[in-house]
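Structural overview
One-letter residues, chain by chain:
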Amino acid sequence: MEQSLRREAKAVLERGRADYIIGFEPGSLKFTTTPLITKNKDDVDRLVINPFIVNNLSVFLTELKGRIGIVAKGCDSRSIVSLIQDNKIARENIIIIGVPCPGMIDLSKVERLVGKDRDELDDITRDGDKVVVTVDGKERDFPANEVLFDNCLGCELPTPQEYNILLEQPVSPVADKRASGMKVDELKKMTSEQRWEFWKEQFSRCIRCYACRNVCPACFCRRCFVEESEPQWVLPVPRWQDNLMFQAIRNIHVAGRCTDCGECERACPVNIPLRSLAREMYDMVDELFGFKSGMDKDAAPMLTHYELQEAEDSFR
Ligand code: SF4
Ligand code: SF4
Ligand code: SF4
């Protein structure tokens, strides 16, 4: 798939179909990748596809001008569709190079299972339903659903539905909904007092770095409400109450746009389980409005319209 990606990306640049290619290249640390944004057709030989291409690259689309070729997994392509729905980007300016995605490997799960730090691991590879970890020259197999990110276990569309080029045949979801929703279910079992204490403790650790906001393709406001001073929605100092308010409002802003890509939780430097909030909102939107983000580029965004029968008296 990697060779085919490099070939296609080069052709896109050579034929002038796009000004830039956005993809992944190897990261500076083991088992990581980093975004590659280039206009140079020789750079595309650095593009990679592996179980560590975790970033949702669609976040860059609103920053770049011109026509863009972008490598997109299933969830990323839904974020792209959502941005088209919100008129943030134009479909004709984007060449989507679709990657059928078997799920991304969560290194912290691998570390826990083998009892070693990532630097001590020799190799990690995907082999069908298994993930093979090589430590001290010995191979150990794990079922994929034990080491994939929680959001990948709940992924509904791992193969992009919207694309210009699809690099391989579609794949089926790993589908372990129970494991994917375990953290959310544990929170739901708590009393409201216990849940309040839980989030109070979590948001006491938030340093308000805004990494969760900055990696999120659904968080695209030019001026974020946290920077407003009239009215001042939250104080700039990271008190837990303001941190919680920031995240509660952020989740409402991304309702109907969040594709459960998992980037906010991965980006958080203090490991706050942000996906528990994002996924619960994703499911509520589906349950209440029968709406899933980024499914149809021609459909109106959920929060920008209402049906007449939904209108409260004040709107009539
Ligand atoms: S959520 Fe789906 S498409 Fe996105 S990385 Fe996980 S398996 Fe792939
Ligand atoms: S990434 Fe984590 S620490 Fe940073 S603002 Fe978001 S919740 Fe707070
Ligand atoms: S809220 Fe989190 S999971 Fe949802 S789209 Fe944004 S980064 Fe992805």
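Reference entry: report on the structure contained in this document. (Residues numbered from 1 in each chain as written. Chains lettered and ligands numbered in written order. Predicted model: local features only at pLDDT ≥ 70, side-chain atom pairs only at ≥ 80, totals over all residues. Heavy atoms only, no water.)

1. Structural notes on the overall build of the protein
Check the secondary structure of the protein and you find 12 helices and eight strands. Rg of the C-alpha trace for the protein: 20 Å, near the compact-globule value of 20 Å for 316 residues, within the 12% margin. For the C-alpha atoms alone, the extent of the protein along its principal axes is close to 60 × 50 × 35 Å. Considering the protein as a whole, with its 316 residues, one finds that 48% of them fall into the buried category. Taking the average location of the 44 positive side-chain charges in the protein and that of its 52 negative ones, the two points are 2 Å from each other. (Helix = DSSP H or I, 4+ residues; strand = E, 2+ residues; numbered from the N terminus. Rg over C-alpha atoms; globule rule 2.2 N^0.38 Å. Buried < 20%, exposed > 50% of the residue type's maximum accessible area, 1.4 Å probe, protein only. Lys, Arg positive; Asp, Glu negative; His and termini not counted. Charge placed at Lys NZ, Arg CZ, Asp CG, Glu CD.)

2. What to know about the site of ligand 1
Every residue near ligand 1 is listed here: Lys73, Gly74, Cys75, Cys101, Gly103, Met104, Asn151, Cys152, Cys155 and Pro158. Elements represented by at least two residues in the shell around ligand 1 include exactly α2 (74–85) and α5 (150–153). When the residues that make up the shell around ligand 1 are grouped by side-chain class, the tally is six nonpolar, three polar and one charged. (Near = heavy atom within 4 Å. Nonpolar A, V, L, I, M, F, W, Y, C, P; charged D, E, K, R; others polar.)

3. Some thoughts on the site of ligand 2
Neighbouring ligand 2 are 13 residues; Cys206, Cys209, Tyr210, Cys212 and Cys268 lie closest to it. Here the residues of the shell around ligand 2 are counted per class, giving 11 nonpolar, one polar and one charged.

4. Brief notes about the nonpolar core
Within the largest apolar cluster, 55 residues are counted, with the highest numbers of intra-cluster contacts made by Ile21, Leu61, Ile70, Ile80, Leu121, Ile124 and Val133. Apart from residues lying up to four places away in sequence, Ile80 is in contact with Ser58, Leu61, Ile70, Ala72, Ile89, Ile94 and Ile96. Membership of the second largest hydrophobic core comes to 18 residues, among which are Cys206, Cys212, Trp240 and Leu244. (Core = buried A, V, L, I, M, F, W, Y, C linked by side-chain atoms within 4.5 Å. Contact = heavy atoms within 4.5 Å.)

5. So, the packing of aromatic side chains
One pass over the full model with this rule turns up six aromatic pairs. Seen from their ring centres, Phe198 and Trp199 are 5.0 Å apart, and the 80° between their planes marks the pair as edge-to-face. Owing to a relative accessible area of 24%, Phe198 belongs among the partly exposed residues under this scheme. Judged by centre distance (5.2 Å) and plane angle (85°), the rings of Tyr210 and Phe246 are edge-to-face. Highlighted residues: Tyr210 in the loop between α8 (192–204) and α9 (211–214) and Phe246 in helix α10 (residues 240–253), separated in sequence by 36 residues. (Phe/Tyr/Trp six-rings, centres within 6.5 Å; stacked < 30°, edge-to-face > 60°.)

6. Some details on the sheet that holds strand β1 (residues 20–26)
Taking strand neighbours across the sheet as the criterion, the five strands line up as β2-β1-β3-β4-β8 in an open arrangement whose pairing is mixed. Each edge of the open sheet is held by one strand with a lone partner, namely β2 (33–38) and β8 (165–166). As paired strands, strand β4 (residues 94–98) and β8 are joined by two bridges and run parallel to one another. Among the inter-strand pairings, Gly98 is bridged to a residue of β8, identified as Leu166. Across the sheet, helix α1 (residues 2–14) lies against β1, β3 (68–72), β4 and β8, angled at about 155° from β1, the strand it touches most. In the packing of α2 onto the sheet, contacts are made with β3 and β4, and the angle to β3 comes to roughly 140°. (Pairing = 2+ DSSP bridges. Axes fitted to C-alpha atoms, helices over the stretch in contact; angles between N-to-C directions.)

7. Section: α2
Every α-helix winds through 3.6 residues per turn, so residues three or four apart in the chain are directed the same way. Compared with an ideal rise of 1.5 Å per residue, which puts 12 residues at 16 Å, α2 spans 17 Å between its outermost C-alpha atoms and is within 8% of the ideal. Judged by how many residues are buried, α2 sits mostly within the fold: 12 of 12 residues are covered. Inspection of α2 places Gly74, Cys75, Asp76, Ser77, Arg78, Ser79, Ile80, Val81, Ser82, Leu83, Ile84 and Gln85 among the buried residues, and these make up the whole buried set. Those residues of α2 that are buried are in contact with β3, β4 and α12 (274–289). Trailing α2 by a residue or two, Asn87 shows a phi angle of about 60°, which is positive. (Expected span 1.5 Å × (residues − 1).)

8. A word on the pattern of salt bridges
Under the criterion given, the structure shown has 28 salt bridges. Between Arg223 and Glu228 there is a salt bridge; the shortest N-O distance is 3.5 Å. Using a relative accessible area of 24% as the deciding quantity, one classes Glu228 as partly exposed. One salt-bridge network, in which partners are shared between bridges, spans Arg78, Glu156, Asp286 and Lys292. (Salt bridge = Lys/Arg side-chain N within 4 Å of Asp/Glu carboxyl O.)

9. Observations concerning the environment of Val254
When you line up the elements, Val254 lands in the loop between α10 and α11 (263–267). Judged by relative accessible area, Val254 falls into the buried class, the value being 4%. In this structure, the C-alpha to C-alpha distance between Val254 and Asp150, residues 104 residues apart in sequence, is 19 Å. Other than its neighbours up to four places away in sequence, Val254 contacts Cys216, Ala218 and Cys219.

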